[in-house]
Amino acid sequence: MSGDPRRGAPDAGSLGFTFVALVVVATVLGYAADRWLYTGPWLMVAGVFVGAGVGFAYLVYILFTSGVGGRPRKKSADKDGGPAGRSL
């Protein structure tokens, strides 16, 4: 982990902006669908929950794939071209 605490600030701001943007976009889509289908506020409310759910899932995905462990790396091949860690 880097010794500079300011390094992660842009990433955190980006995640927060993305979460809010997903909620707002889903809410606006729900509002537009309500106006088109004359269904009252129900699709807009559903849009809030869908946007929050997608935003939370995206947040968890980003945090677990780019965290300290990161994505698992592919194993490198041995010098003879075989899979790593395998000896005959």
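The coordinates are above.
This report concerns the structure included in the present document. Here, residues in each chain are numbered from 1, in the same order as that chain's written sequence. Local features in a predicted model are, by the rule used here, given only for residues with pLDDT of at least 70; side-chain atom pairs are given and counted only at 80 or more, and totals for whole chains, interfaces and linings are based on all residues. Remark: hydrogens and water are excluded; side-chain values derive from all non-hydrogen atoms of the structure.

**With respect to the overall build of the protein**
A run of H or I in DSSP becomes a helix once it reaches four residues, and a run of E becomes a strand once it reaches two; helices and strands are each numbered from the N terminus. Within the protein, the secondary structure is distributed over two helices and zero strands. Residues classed as buried in the protein amount to 11% of the 88 residues present. Accessible surface is estimated by sampling points in the Shrake-Rupley manner with a 1.4 Å probe; for residues, cover comes only from the protein chains shown. Of the roughly 7,600 Å² of accessible surface on the protein, 68% is carried by carbon and sulfur atoms. The cut-offs for exposure are 20% and 50% of the maximum accessible area for each residue type, with area from a 1.4 Å probe on protein chains only; residues under the lower value are buried, those over the upper are exposed, and the others partly exposed.

**Notes on a nonpolar patch on the surface**
A contiguous nonpolar patch, built from Phe19, Val20, Val24, Val28 and Phe56 and spanning about 450 Å² of accessible area, is present on the exposed surface. Following the sequence through the fold, Val24 ends up in helix 1 (residues 9-37). Candidate patch residues must exceed 30% relative accessible area and have no salt bridge, after which like charges are joined if within 9 Å and Val, Leu, Ile, Met, Phe, Trp or Tyr side chains if within 5 Å. Any carboxyl oxygen of Asp or Glu that lies within 4 Å of a side-chain nitrogen of Lys or Arg is treated as forming a salt bridge with it.

**What to know about unusual backbone geometry**
Negative phi is the rule for most residues except glycine; trans is the rule for most peptide bonds. For Tyr38, which is not glycine, the phi dihedral falls at a positive 55°. With respect to the helices, strands and loops of the structure, Tyr38 is situated in the loop between helix 1 and helix 2 (42-65).

**So, the side chain of Thr27**
Locating Thr27 in the fold gives a position in helix 1. A polar contact of 2.7 Å, which involves the side chain of Thr27, links it to the backbone oxygen of Val23. A contact between two residues is defined here by any heavy atoms of the two lying within 4.5 Å. Look past the residues within four positions of Thr27 in its chain and what remains in contact with it is Met44, Gly47 and Val48. Whenever two N or O atoms come within 3.5 Å, that pair is a polar contact, provided that in protein one can donate a hydrogen and the other can accept it, and provided that, for residues adjacent in sequence, both atoms are side-chain atoms.

**Considering the side chain of Asp34**
When you line up the elements, Asp34 lands in helix 1. Neither His nor the chain ends is counted toward charge; the positive residues are Lys and Arg and the negative residues Asp and Glu. One buried charge, Asp34, has no salt-bridge partner; the nearest side chain with opposite charge is Arg35, at 9.1 Å. A distance of 2.9 Å separates a polar side-chain atom of Asp34 from the backbone nitrogen of Met44.

**Describing the environment of Ala57**
Mapping Ala57 onto the fold places it in helix 2. Judged by its relative accessible area of 44%, Ala57 is partly exposed. Taking the C-alpha atoms as reference, Ala57 lies 9.6 Å from Phe19; in sequence the two are 38 residues apart.

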